[in-house]
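In case you want the letters, here they are:
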Amino acid sequence: MSSAPALASGGGVLPRHVAIIMDGNGRWAKKRFLPRVAGHRAGVEAVRAVSRAARAMGIEALTLYAFSSENWRRPEEEVGDLMGLLRLFIRSDLAELVRENVRLRVIGDFRRFPSDVVALIEDALARTAANTGPVLAIALNYGGQAELTTAAQRLAARAAAGELDPASIEPAMIEAELETRDLPPLDLLIRTSGEHRLSNFLLWQAAYAELLFVDTLWPDFGAAELEAAVADFGRRQRRFGGL
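Residues numbered from 1 in each chain as written. Predicted model: local features only at pLDDT ≥ 70, side-chain atom pairs only at ≥ 80, totals over all residues. Heavy atoms only, no water.

Another aspect to go through is the overall build of the protein chain. The helix and strand tally for the protein chain stands at 7 helices and 6 strands. Here the C-alpha atoms of the protein chain give a radius of gyration of 18 Å, agreeing with the 18 Å that 2.2 N^0.38 yields for 243 residues. The dimensions of the protein chain, computed from C-alpha atoms along their principal axes, are 60 × 45 × 35 Å. For the protein chain, the residues scored as buried account for 48% of the 243 residues in total. Within the protein chain, contacts between residues separated by at least 24 positions form 75% of all contacts whose residues are at least 6 apart in sequence. Charge separation in the protein chain, taken as the distance between the mean sites of 29 positive and 31 negative side-chain charges, equals 3 Å. (Helix = DSSP H or I, 4+ residues; strand = E, 2+ residues; numbered from the N terminus. Rg over C-alpha atoms; globule rule 2.2 N^0.38 Å. Buried < 20%, exposed > 50% of the residue type's maximum accessible area, 1.4 Å probe, protein only. Contact = heavy atoms within 4.5 Å. Lys, Arg positive; Asp, Glu negative; His and termini not counted. Charge placed at Lys NZ, Arg CZ, Asp CG, Glu CD.)

Residues I20, F113, I121, L140, I190 and L226 are the most contacted members of the largest nonpolar core, which totals 46 residues. A total of 9 residues in this core trace back to one element, the largest contributor, which is helix α3 (residues 76-99). Residues in contact with L140, not counting those within four places in the same chain, are A66, F67, L86, V106, I107, G108, D109, F110, F113 and I121. With 12 residues, the next largest nonpolar core counts I21, Y65, A139 and F201 among its residues. (Core = buried A, V, L, I, M, F, W, Y, C linked by side-chain atoms within 4.5 Å.)

So, on to unusual backbone geometry. What you tend to see is this: most non-glycine residues have negative phi, and most peptide bonds are trans. Positioned with a positive phi, F33 is a non-glycine residue whose angle comes to about 55°. Looking at where F33 falls in the secondary structure, it is placed in the loop between α1 (25-31) and α2 (36-57). Among the residues examined, F33 registers a relative accessible area of 79% and is labelled exposed. The backbone of S199 shows a phi angle near 50°, a positive value even though the residue is not glycine. Of note, S199 is situated in the loop between β5 (188-191) and β6 (210-213).

A one-sided burial pattern is seen for β6, the buried positions being E210 and L212 and the unburied ones L211 and F213. Alignment of β5 against β6, held across 4 bridges, turns out to be parallel. In the strand pairing of β6, I190 is matched with L212. (Pairing = 2+ DSSP bridges.)

Turning our eyes to something else, we now look at the packing of aromatic side chains. Counted under the stated rule, the structure contains 7 aromatic pairs. Ring plane angle 65° and centroid distance 5.7 Å describe the contact between W72 and F113, whose orientation is recorded as edge-to-face. Taken together, the residues W72 in the loop between β2 (61-68) and α3 and F113 in the loop between β3 (103-107) and α4 (115-128) connect sequence positions 41 residues apart. Judged by relative accessible area, which is 23%, W72 ranks as partly exposed. Consider the rings of Y142 and F201, whose centres lie 6.0 Å apart with planes at 90°: the pair is edge-to-face. Taken together, the residues span a long stretch of sequence, with Y142 in strand β4 (residues 135-142) and F201 in the loop between β5 and β6 at a distance of 59 residues. Comparing Y142 with F201 shows no difference in burial state: the two are buried. Feature note: the residues Y65, Y142 and F201 constitute an aromatic cluster, connected by ring pairs. (Phe/Tyr/Trp six-rings, centres within 6.5 Å; stacked < 30°, edge-to-face > 60°.)

This brings us to the pattern of salt bridges. Under the criterion given, the structure shown has 22 salt bridges. Here E96 ties to R55 by a salt bridge, and the two come within 2.8 Å at their closest N and O atoms. Within this pair, whereas E96 is found in helix α3, its partner R55 is found in helix α2, the two being separated by 41 residues in sequence. Residues R105 and D182 are paired through a salt bridge, measuring 2.4 Å at the closest nitrogen-oxygen approach. Here D182 lies in the loop between α6 (171-175) and β5 and R105 lies in strand β3, a separation of 77 residues in the sequence. Exposure remark for R105: the relative accessible area of 14% places this residue in the buried category. Linked through salt bridges whose partners overlap, the residues forming this network are D23, R27, R191, E195 and R197. (Salt bridge = Lys/Arg side-chain N within 4 Å of Asp/Glu carboxyl O.)

Keep in mind that these numbers describe shape and distance, not what the molecule does.
Below, the structure is given as structure tokens:
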């Protein structure tokens, strides 16, 4: 496993790759007697704050769980609101990502989204593809079980074609089929809002990641909260099964 670089202050180590399950937008809005879409709008502001803070800290990759493959079960109006906010985020923030040398990535089958959203995403990916700075990966219509199923199907097809001995399959070969194959190993996975589950997110990648569950609702999670999470990570001892 790759080790995380030391913090400049010497106060621990910095995770190379942080992933966040951004939970609690609806509850944030409910506490304020606001419609759910207001919580999602506030959640977009938190995305901006956290992504900027991650860049300032030197984190190499930030992966955000924005829309799961199960989120289609939500009311049509809410799904429509989420698509609208995604449009707004890309249009308003793409110039900043380009300027800051951020490489945008999407994991998941985003081509199921409305055609204009797909076009916006593809344009954003193309315009940041040559950037060499930190990665902002957004999980859209993503599910960890589906990702693993697809990886297994690809390896099975190679085996059926005689290109691969099934007995030779090892973890590195599975990792090479995952959508995160070009990202650093996942070091820290955070979930906001007090829930304690992975919800089908980065199931393989989280095998040796440090997990942190915080009560803060996502719209209230900002730079200070990310810094506290990274400090917590820096105090942990990671043995990867060893002593």
